[in-house]
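Remarks on the overall topology
Now for the letters of each chain:
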Amino acid sequence: MKSYLAAAIQMTSVPNLQTNLAQAEELIDLAVRQGAELVGLPENFPFIGEEEDKLAQAKTIADESEFFLKKMAQRYQITILGGGFPVPVEQANKVHNTALLIDSNGQELRRYHKVHLFDVNVPDGNTYQESTTVVAGKEIPQVCDFTDLGKIGISVCYDVRFPELYRQMSHQGLDIIFVPAAFTAFTGKDHWQILLQARAIENTCYIIAPAQTGTHYARRQTHGHAMIVDPWGVILADAGDQPGIAIAEIDPTRLEQVRRQMPSLQHRVFG
C-alpha cells in the first residue's frame, strides 16, 4: 500500500439524472486535478426525487449510472465508488440501493446492496420509509484488497449506526471504509461527525464519507460535511455545507502508527 490522495465528493442532487451526472463529472474532474486517485460519490448521486419517480426511472438511472462510473474511472484513471443508486429488483416493484466500486480499467470490483434501510420518524416532523421502495441487501460487504490503495470496505449511510457491520468487515482486514450518505439535516447536525469518528477509531482505519448537502426537492434537506477521518478519529478534510470535495492523504505509515499505539483490534474478547 502506498500513500495517495482520496476525495469524498459532496453534491446537491435533484430529480434530474443528467443534471446530477454533469455535476458529478465536474466534481470528479476537480478532485483529479488536485491529485485524487480514489474518489467516492455520495448516496443517491444520480437522483434524489419523489419515490414514484425514482421507481419509474430506475432502470434508466441504473444503466446510465453504471456506464457513467466506468467511463469516469477509465477517463481519469481512478478507482471510483458510486455511493448508491437504484437498481431494479425483478420480482418486486422495488430496487436495491446499490453502491458500486469500479477500478481504473472500468472493471466492476464490488457491488454492495445497502443492508440497513432508513425507516425513521425524525424529530423534525419528517418520516422516511426507505423500505417502501427498496429491498434490503442480505450480505456482509466483502472487502476489496488493492496492492496500492489498501483494503477497502463499503457501507451506505444508515449503515453507519450499526457497528457490528463494520466489525464484520474488520475481520477481513480493513484499511479504509467508504460511508457515502444522504444524511438528513436534522440528524446530521448531532450524529454524522460523531458516528464517522467512532467507526474510524474502533476499527483503526480511514473513513471516506461522501455526502449530499442542501435542499433537493420539497422538504428534503441533507446535512453535507463530506469528510475524511483518520484512524485516530482526526478529521482531515470537511467539505462544509456547499457542493465540493473533501480531499486528504491516505497514509499507510499513519495506519501502522495508530495500530501500534492502540492495538485494540488485537484485544477483542467477544469477536
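Criteria and thresholds
Residues numbered from 1 in each chain as written. Predicted model: local features only at pLDDT ≥ 70, side-chain atom pairs only at ≥ 80, totals over all residues. Heavy atoms only, no water. Helix = DSSP H or I, 4+ residues; strand = E, 2+ residues; numbered from the N terminus. Rg over C-alpha atoms; globule rule 2.2 N^0.38 Å. Buried < 20%, exposed > 50% of the residue type's maximum accessible area, 1.4 Å probe, protein only. Contact = heavy atoms within 4.5 Å. Pairing = 2+ DSSP bridges. Expected span 1.5 Å × (residues − 1). Arc of directions from axis to C-beta. Axes fitted to C-alpha atoms, helices over the stretch in contact; angles between N-to-C directions. Patch = residues over 30% accessible without salt bridge, like charges linked within 9 Å, V, L, I, M, F, W, Y side chains within 5 Å. Areas by Shrake-Rupley, 256 points an atom, 1.4 Å probe, with all protein chains shown as cover. Salt bridge = Lys/Arg side-chain N within 4 Å of Asp/Glu carboxyl O. Core = buried A, V, L, I, M, F, W, Y, C linked by side-chain atoms within 4.5 Å.

Below, the discussion takes up the overall build of the chain. Each helix and strand in the chain was counted, giving six helices and 16 strands. Radius of gyration (C-alpha) of the chain: 17 Å, near the 18 Å computed for a compact globule of 271 residues. C-alpha extents for the chain along the principal axes are approximately 50 × 40 × 35 Å. Here the chain holds 271 residues, and the buried ones make up 54% of them. Here the analysis covers contacts within the chain between residues at least 6 apart in sequence; of these, 68% occur between residues at least 24 apart.

What follows is about the pairing of strand E3 (residues 79-89). The buried count for E3 comes to 10 of 11 residues, which makes it a mostly enclosed element. Pairing between strand E2 (residues 36-40) and E3: three bridges, direction parallel. Across the sheet, residue Leu-38 finds its bridge partner in E3, namely Thr-79. Relative to strand E4 (residues 94-102), E3 runs antiparallel, the two sharing eight bridges. Its bridge partner lying in E4, Ile-80 is registered against Ile-102.

Here the focus is helix H3 (residues 58-76). Taking 1.5 Å per residue, 19 residues should reach 27 Å; H3 reaches 27 Å between its end C-alpha atoms and fits that length. Listing the buried residues of H3 in full gives Ala-58, Ile-61, Ala-62, Ser-65, Phe-68, Leu-69, Met-72, Ala-73 and Tyr-76. Buried residues of H3, seen end-on, are gathered within an arc of 135° and therefore sit on one face of the element. Those residues of H3 that are exposed and angled more than 90 degrees off the buried face are Lys-59 and Phe-67. Here the buried face of H3 lies against helix H1 (17-33), helix H2 (51-56), E3 and E4.

Another point: the sheet that holds strand E11 (residues 206-209). If you walk across this open sheet you meet the six strands as E8-E9-E10-E11-E14-E15, and the pairing is mixed. Looking at strand neighbours, the two that pair on one side only are strand E8 (144-146) and strand E15 (235-238), the edges of this open sheet. Strand after strand, the sheet turns through a mean of 15° between neighbouring axes, direction not considered. One ladder, built from three bridges, connects E8 with strand E9 (residues 150-154); its direction is antiparallel. Bridge pairing in E9 places Asp-145 opposite Lys-151.

Within the secondary structure layout, Ser-65 lies in helix H3. For Ser-65, a relative accessible area of 0% puts it in the buried group. Residue contacts for Ser-65: discarding those within four places in its chain leaves Leu-17, Phe-45, Pro-46 and Phe-85.

This paragraph deals with a nonpolar patch on the surface. Residues Trp-232, Val-234, Leu-236 and Met-262 make up a contiguous nonpolar surface patch of about 360 Å² in total accessible area. Assignment of secondary structure puts Leu-236 in strand E15.

One finds Leu-196, Ile-207 and Ile-208 to be the most contacted residues of the largest nonpolar core, which totals 47 residues. Sequence-distant contacts of Leu-196, defined by excluding residues within four places in its chain, comprise Val-160, Val-179, Ile-207, Ala-209, Met-227 and Val-229.

On to the side chain of Asn-20, then. Its location among the elements puts Asn-20 in helix H1. If we ignore the near neighbours within four places in the chain, the residues touching Asn-20 are Met-11, Thr-12, Ser-13, Val-14, Phe-45, Pro-46, Phe-47 and Ile-48.

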